[in-house]
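A closer look at the structure
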Amino acid sequence: MKTLHQSPTDPAFVQNPYGFYETARSAGPFFLWADYGLVCTGKAAAVNAIFRDRRFGREAPPEKAPVIPPHLAPFYAVEAHSMLELEPPRHTRLRNLVLRAFTSRRIAGLAPDITGLTEELIAGFPDGPFDLLTAFAQPLPVRIIARLLGVPEEMAPDLLRWSNAMVGMYMAGRSRETEDRAVTATEAFVAFMRGYVEERRKRPADDLITQLIAAEMEGERLTTDELITTCILLLNAGHEATVHTFGNGVKTLLETGTGPEALRPDRIEATVEEILRFDPALHMFTRWAYEEVEVMGQTFRRGDQVGLLLAMANRDPAVWDRPELFLPARPVKPLATFGAGLHFCVGAPLARLELALALPILFARCPGLRQAEPPRYGDVFHFHGLERLLVTR
């Protein structure tokens, strides 16, 4: 197995990680990413196999559980109840309870809200150059998630600020300052959600928080701490990646000139899938091995970790024809973007719906939309998103 060196904070890598991914692909199914000290794979078949293999999981084996420093205790107290970080049986119970409330019918019912809010935001665009991320890509998903949960929309700026601070914990090169911001945000977020959950217990409404409170399976319900963590997870995961996906997607549509044709009603589904494939927002997930297991000639032992490079898997030439090209008309195939197996992203249908409804309206209302400056990606790996997207219309 080859060892490769590539700082995830190197400016050239931040702007274009795909060159490194192709170098890594030539090394074989697995390589050692020296900067992380982590065996990684971007081979689509291996990524998919590990996602679905119950001998791998998100939760660290007890003997490998990290020691939590005191200053990070509030953040990890929330993480302890996150279904994203748990394995069965707790994961099964939490996910099933959440899915009883987070139904396809409830998600589909958000379509008028997404359409109306898209029109409202576009109507507020200024005449001169403006940042499409702050004017559109950020407020749309966070306000939709707020409506879904039943949280007042005027809280959206606070939710956005808290979420941005918390996800900083997953970014390369995090500092003590990053950690302190994340903990402060976590404590504020938990305090707000605790009060709001108690309010909903007294005064139920037609919203997801009320449905989560009522969700029951075999006599079990979510505890208050589980409910708070689930709401925070849905908001953080439900908008952070979507913001980057909107930004990356619009950038790609503008640079390739494919917008008007690709966004026709009969083609929008395939275009959304190609946006999610071509330049996704999340580039790496990790898994722990729970027993000795071999994958494509690579042996993992209990306690080993493996990095799954989602964006690299989405450009695997064994799956995709000319994967380096953005081709909205290409046949739809399974992506690595939302994961697979029992941790498949519960918010994937909502993200797809937001993209499919909002992008055609954006380009129809702003037919002259164009970049006002070359966009730059932020130093936010494992995420991959733009610092800003300055446009004119």
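What you see is a predicted model; the values in this text were computed from it and never measured. (Residues numbered from 1 in each chain as written. Predicted model: local features only at pLDDT ≥ 70, side-chain atom pairs only at ≥ 80, totals over all residues. Heavy atoms only, no water.)

Observations regarding the sheet that holds strand β5 (residues 130-131)
Threshold: Only strands joined by at least two bridges in the DSSP assignment are considered to pair. Helix and strand assignments follow DSSP, with helices taken as H or I runs no shorter than four residues and strands as E runs no shorter than two, numbered in order from the N terminus.
Taken together, 3 strands build an open sheet; the order of strands is β5-β13-β10 and the sheet is antiparallel. Strands at the two margins of the open sheet, each flanked by one partner only, are β5 and β10 (370-371). Pairing of β10 with strand β13 (residues 390-392) involves 2 bridges; the strand directions are antiparallel. In the strand pairing of β13, Q371 is matched with V391.

Structural notes on helix α9 (residues 139-149)
Put simply, the rule reads: Relative accessibility decides the category of a residue: with a 1.4 Å probe and only protein chains considered, values under 20% of the type maximum give buried, values over 50% give exposed, and everything between is partly exposed.
In terms of burial, α9 is largely enclosed, as 10 of its 11 residues are buried. Residues P139, L140, P141, V142, R143, I144, I145, A146, L148 and L149 constitute the buried set of α9.

Examining the pairing of strand β9 (residues 305-309)
Within β9, 4 of the 5 residues are buried, which leaves it mostly tucked inside the rest of the structure. Sheet topology places strand β6 (residues 284-289) next to β9; 5 bridges connect them, and they run antiparallel. Within β9, the position partnered with R287 by the bridge is V306.

Quick look at the pairing of β6
The element β6 is largely enclosed, with a buried count of 6 among its 6 residues. Residues M284, T286 and W288 line one face of β6 and the alternating positions F285, R287 and A289 line the opposite face, and both faces are buried. Here strand β4 (residues 56-57) pairs with β6 via 2 bridges, running antiparallel. Note that in β6 the partner of G57 across the bridge is W288.

With respect to the environment of L355
As a reminder, the rule being used: Residues are treated as being in contact if the distance between any of their heavy atoms lies within 4.5 Å.
Topologically, L355 is positioned in helix α17 (residues 348-365). On the basis of relative accessible area, L355 is assigned to the buried category, the value being 2%. Distance in space between the C-alpha atoms of L355 and I114 is 9.5 Å, their sequence separation being 241 residues. Beyond its immediate chain neighbours, meaning those up to four positions away, L355 contacts T245, F246, V272, L276 and P360.

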